[in-house]
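# Descriptive analysis of the structure
The lines below spell out each chain.
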Amino acid sequence: MATLWRRRERLLGVSGRLCRTVRALSGKNEYDLLVIGGGSGGLACAKEAAQFGRKVAVLDYVEPSPQGTKWGLGGTCVNVGCIPKKLMHQAALLGSALKDAQHYGWNIAQPVHHTWSVMAQAVQNYVKSLNWGHRVQLQDKKVKYFNMKGSFSDPHTIRGLTKGGKETIVTAENIVIATGGRPKYPTHIAGALAYGITSDDLFWLKESPGKTLVVGASYVSLECAGFLTGIGLDTTVMMRSIPLRGFDQQMASLVTEHMECYGTKFLKRCFPTKVEKLESNKLQVTWKNTDLGTEETDCFDTVMWAVGRAPDVKTLNLDAVGVKTNSETGKIIVDASEATSVPHIYAIGDITEGRPELTPTAIAAGKLLARRLFGQSSELMDYDNVPTTVFTPLEYGCVGLSEEAAVQCYGSDNIEVYHAYYKPLEFTVAERDATQCYIKMVCLREREQRILGLHFIGPNAGEVIQGFALGIKCGATYPQLMKTVGIHPTCAEEITKLHITKRSGLDATVTGC
Amino acid sequence: MKHFVIHQSCHSLELERGIFLLGEGSQRHSIHLPSIMCMCSLHNGEGAQKLQEGQWHVTAEGSQPFGFVQEEQIEEDEKTLKAYKEGSLQKQQEMNGHTVVPHSYDYDLIVIGGGSGGLAAAKEAAKYEKKVMVLDFVTPTPLGNSWGLGGTCVNVGCIPKKLMHQAALLGQALQDSRKFGWQFPEEVKHNWMTMTESVQNYVGSLNWGYRVALREKKVTYENAYGEFVGPHTVKATNKRGVEKLYTAERFLIATGERPRYLGIPGDKEYCISSDDLFSLPYCPGKTLVVGASYVALECAGFLAGVGLDVTVMVRSILLRGFDQDMANKIGEYMEEHGINFIREFVPIKVEQIKEGTPGILKVTSKSTKGNEIIEGEYNTVLLAIGRDACTRKIGLDKVGVIINEKTGKIPVNDKEQTNVPYIYAIGDILQDKLELTPVAIQAGRLLVRRLYAGATTKCDYVNVPTTVFTPLEYGACGYTEEAAVEKFGEENIEVYHSHFWPLEWTVPSRDNNKCYAKIICNIQDSERVIGFHVLGPNAGEVTQGFAAAMKCGITKEQLDNTIGIHPVCAEIFTTLTVTKRSGENTLLSGC
């Protein structure tokens, strides 16, 4: 049997070489475009290219997580990111809704329980339907799909390897790398890899994670800790330094402050030193508290690492073709047209250096790239003023510069910050605390008062921010925003009513209607 | 003999500037003391002790004025009053000849109507250290319901409406939550009284908040009905019938609107309006909602959402004035969610079959197309057939303010000024303007800034966003498709549209291809976005930012260049590709 396999491989290898020879001889490649990585960006790029009648192929392969979790076509967002995350966030919001509902007249007999497996099953089923949808779409658009791991063998040739070790050689005129990133594990903590999970596993757990320690202060960490708390689990976040690095720090503090009120425990300025598995199957975590200089320990059912993500470049064999990466981050260096150091090789999405790690930017970049390659377009992707939302229990949406960045760019004398603490109408009857519902708009101080950044903490932050992001992209000014009439009663209308400057030191609490 | 009771906080200086008129009414003598805060009580002196602090109090009894303050201060104030009486004739002449110098008015500004617009204007004026008074009085509904300060929005409009809409949404959330893993006993009943009490408690706190805000800003507030009785002069009548007269340099009419009745047998006796619904002390039960205004559909929506049997009787079309494509989709959604619609019928008679809370009413209705008559029994009949401006009983004829005789609405220029230069009007009573709280607030504030702060900015009534809080919410800004076609011609507009499925609805697998996004672009103006329409959850939150963007004149290209936020509903607007003209399918498939 083994011999047979080897023979087949050899045969395939020969055919592969043959193929390459064919290309070398005729100067023609099999595909106009080959995309490595079937995530949001890669699929969008492939489908867009196919619209122009080009011959397109996509290679996608999910390397199982260290805990053995794997999933289907669609990449991080669909399988282990935005989609399951927001659905589980919704489950948590519905938990709050059940509490609110009693104030609104619904007689819900207590106790109310949450069953992880019901939620997980529903979420996973939906994700699987999306995997299937992506397959169908590729087929409809006549994009060839290979469930294989790709690596460069020469600048126009990719060697694809299936799970079973079957090799296929694919050649293409243009190649787009869109392999994204995967969660990092800490390297020097005993037991981290053996006993810890990451966001790659969490959404696919069949049973409740139970009492959970989430290590890290990234948005992934806070979002996961948030929904775990929301569905009733004992959840602790351990963070070494600041939450939500890169985001406006005042907003970040409000987000974590709210989570603390919501029931998430925080171990601040602590870092783990080891994870051990006890006979009871509990995980005993030991950490250093840098404030007290002490060593502390506690037991958890689950330890989840959310300490950052790293690009998936190792297997690509980039050195062979000379695609340059940033030695520190491992990310691929690209120019404004998403081209790597090798002209016909491009990269989009989370794997690219210095770009926002967001699904919609990868999609937009992928589409624009396809249009430039095959649609006679010259339009470049504009990475400025990209809005985003963190789906923590109290959501945080933002677009443009943080206050810190604005101060750094323009100086504190040249910016004006308008802000307000507001109370969503729905919170009143529900007797919910709105201490952290806050809006901040950073503007230039000169007469026109162009808006540099907008930050919103509250329910439906994503829905609220989207339209404003468009306005800000179009150069909206503070006076223009003030001329916009509010929609009553919504949270978003508070943005059109911002009038207290931070500089004034006046109370920014919104009163009355 | 007439008694004049002057309360202790009287300032004699103001008194001296005053005029004093004694009307010759049969029972109710009207005593005109325009330059002071005075109150003419007509209870033969007995009301004196009941009067509020800080008010002038004048009692008319007999023919000779006699002034006193709280009994013990009578003498001193008698003198004052005499002095003030002596100056009266001269002042009266001045007033009639419009020659009164500004400083002789009681107030710089009197606002009639303490709703969103009136209060905003009053508070703004107080910021510029103007002497401001607000007169607010709620005439009870035919069933006797009334409420506190703050106007329609706070008491019987946006606020209680959205809270009850939220109660209905939470009903949906309860169903969804089971699919998301939550478990609780099967039967969940809704308790109308719990909801109504919570909502009314919150409304009460807002009423109180407004009172406090006015006091803090030193705006004088009187819970009295204001009507013009002469130039620069209003009469304020409180609920005990005590009348007072005030003068001001300028007036702002902001009296708003009240629900219209059908004018059929039994309507005022047995039907309720939105003025009653939000504080109804019992569950309305099986309800007939008459009308297809947004008020009608919103109320029908939340009543059904809290589990009631609801029927909507529609004379012709839904949501007149709104985009009809959207309006019909809202109607379809409501029908699919268990709300009955009786179309092209109007009620002609309402009879009570059984008294009770609620009782049973028989409604007889007639087809608008023929003579067909139908009958139905309901526990509650809610009329939501429109609203009428409160302009016909505020003495506008006395000062010559022109109103549209048919609609009762007041035409104003672009500075919210009526045909009488010192009288302004804002809010729902304006002719051809939007009936929206934030518009009234904006108009009021800007007006005051122009009057007192040298500002020039006028209220911009273009591209005002709004949201209808039906079960499937509808947010809109700018042109409807019909209006755009009419204005620019069908060939000159491009309509982009798409259905969408909110991620949160996928797991409970409900209402696929119900949410809908549509924008209308002007082809001849770089595909500038002139209309924005969205049906879906949180439509108000979604629409607000796009409205701001439309103020900046966004084009379709800029919309396309905006990066979406994933996964939210609003992102659909950054990826609209299908034009209505193309006839392509907009039903959803995939992510």
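Residues numbered from 1 in each chain as written. Chains lettered and ligands numbered in written order. Predicted model: local features only at pLDDT ≥ 70, side-chain atom pairs only at ≥ 80, totals over all residues. Heavy atoms only, no water.

### A word on the overall build of chain A
Along its length, chain A carries 15 helices and 24 strands. Relative to the compact-globule value of 24 Å for 513 residues, chain A shows a C-alpha radius of gyration of 25 Å, a close match. Per-residue burial for chain A yields a buried fraction of 57% across its 513 residues. Of the contacts made within chain A by residues no fewer than 6 positions apart, 64% connect residues no fewer than 24 positions apart. In the structure as shown, chain A presents an accessible area of about 20,900 Å², 51% of it carried by carbon and sulfur atoms. Each charge class in chain A was averaged separately, 56 positive and 51 negative side chains, and the resulting centres sit 9 Å apart. (Helix = DSSP H or I, 4+ residues; strand = E, 2+ residues; numbered from the N terminus. Rg over C-alpha atoms; globule rule 2.2 N^0.38 Å. Buried < 20%, exposed > 50% of the residue type's maximum accessible area, 1.4 Å probe, protein only. Contact = heavy atoms within 4.5 Å. Areas by Shrake-Rupley, 256 points an atom, 1.4 Å probe, with all protein chains shown as cover. Lys, Arg positive; Asp, Glu negative; His and termini not counted. Charge placed at Lys NZ, Arg CZ, Asp CG, Glu CD.)

### Considering the interface of chain A and chain B
Of the residues lining the interface, 81 residues belong to chain A; the matching set on chain B comes to 81 residues. For the pair chain A and chain B, the two sides together bury roughly 7,100 Å², of which 70% comes from carbon and sulfur. Three residues stand out in chain A for area buried against chain B, namely Trp106, Glu463 and Val485 of chain A, and they jointly supply 11% of the buried area on that side. Summed over the shared surface of chain A and chain B, the result is two salt bridges. Its salt-bridge partner being Lys162 of chain B, residue Glu426 of chain A comes within 2.9 Å of it at the nearest N-O pair. Put simply, chain A and chain B have 24 residue pairs in polar contact (both at pLDDT 80 or more) between them. Examining the composition of the side of chain A that touches chain B, we find that 14 residues originate from one element, helix 4 (residues 82-103) of chain A, more than from any other. A class-by-class count of the residues in the side of chain A that touches chain B yields 45 nonpolar, 28 polar and eight charged. Where strand 4 (residues 113-114) of chain A and strand 9 (residues 182-183) of chain B come together, two bridges link them in antiparallel fashion. Within strand 9 of chain B, the residue paired with His113 of chain A across the bridge is Gln183 of chain B. (Buried area = accessible area lost by both parts, 1.4 Å probe. Salt bridge = Lys/Arg side-chain N within 4 Å of Asp/Glu carboxyl O. Polar contact = N/O pair within 3.5 Å; in protein donor to acceptor, adjacent residues only side chain to side chain. Nonpolar A, V, L, I, M, F, W, Y, C, P; charged D, E, K, R; others polar. Pairing = 2+ DSSP bridges.)

### Quick notes on the packing of aromatic side chains
In this structure the tally under the stated criterion is 16 aromatic pairs over all chains. Chaining the aromatic ring pairs together yields one cluster made of Phe228, Phe251 and Tyr422 of chain B. A cation sits over an aromatic face here: Lys55 of chain A above Tyr31 of chain A, 4.8 Å from the ring centre. The ring of Phe300 of chain A has Lys211 of chain A lying over it, and the distance from NZ or CZ to the ring centre is 5.0 Å. (Phe/Tyr/Trp six-rings, centres within 6.5 Å; stacked < 30°, edge-to-face > 60°. Lys NZ or Arg CZ within 6 Å of the ring centre and 35° of its normal.)

### Examining the UniProt feature "binding site: NAD(+)" (unreviewed entry) in chain A
All names here are of chain A. Under the local residue numbering, the UniProt record ascribes the feature "binding site: NAD(+)" (unreviewed entry) to Gly216, Ala217, Ser218, Tyr219, Val220, Ser221, Leu222, Glu223 and Gly308. Across 93 residues in sequence, these annotated residues keep their C-alpha atoms within 13.5 Å of one another, forming a single compact spot. Residue placement: Tyr219 occurs in helix 8 (residues 219-230). Once residues within four sequence positions are removed from consideration, Tyr219 is found in contact with Lys85, Leu244, Glu357 and Val390. Locating Glu223 in the fold gives a position in helix 8. (UniProt positions renumbered as here; feature names shortened; annotations may be inferred.)

### What to know about the pairing of strand 22 (residues 373-378) of chain B
Residue and element names in this part refer to chain B. Sheet topology places strand 21 (residues 360-367) next to strand 22; six bridges connect them, and they run antiparallel. Paired with Lys362 across the bridge in strand 22 is Glu377. Between the antiparallel neighbours strand 21 and strand 22 lie five residues.

### Structural notes on the nonpolar core
In this structure, Ile110 and Phe573 of chain B are the most contacted members of the largest nonpolar core, which totals 236 residues. Here the element with the most residues in this core is helix 4 of chain A; it accounts for 10 residues. Each of two domains, domain 2 (192-308) and domain 3 (394-497) of chain A, supplies a minimum of three residues to this core. The contact partners of Phe573 of chain B, leaving out residues within four places of it in the chain, are Ala517, Lys518, Ile519, Phe532, His533, Val534, Val542, Phe546 and Leu559 of chain B. With 28 residues, the next largest nonpolar core counts Ala50, Val143, Ala178 and Ala339 of chain A among its residues. (Core = buried A, V, L, I, M, F, W, Y, C linked by side-chain atoms within 4.5 Å. Domains from an automatic or database assignment.)

### Some thoughts on the UniProt feature "binding site: FAD" (unreviewed entry) in chain B
Cross-referencing UniProt, the feature "binding site: FAD" (unreviewed entry) maps to Lys162, Gly226 and Asp428 of chain B in the present numbering. Judged by maximum C-alpha separation, these annotated positions cover 267 residues in sequence and are scattered in space, the widest gap reaching 30.0 Å. As for its position among the elements, Lys162 of chain B is in helix 6 (residues 158-179). By relative accessible area, which is 6% here, Lys162 of chain B ends up buried. A polar atom in the side chain of Lys162 of chain B sits 2.9 Å from the side chain of Glu426 of chain A. Mapped onto the elements of the fold, Gly226 of chain B is located in strand 12 (residues 224-230). Those residues in contact with Gly226 of chain B that lie beyond four places of it in its chain are Ile112, Leu135, Lys235, Ala236 and Ile394 of chain B.

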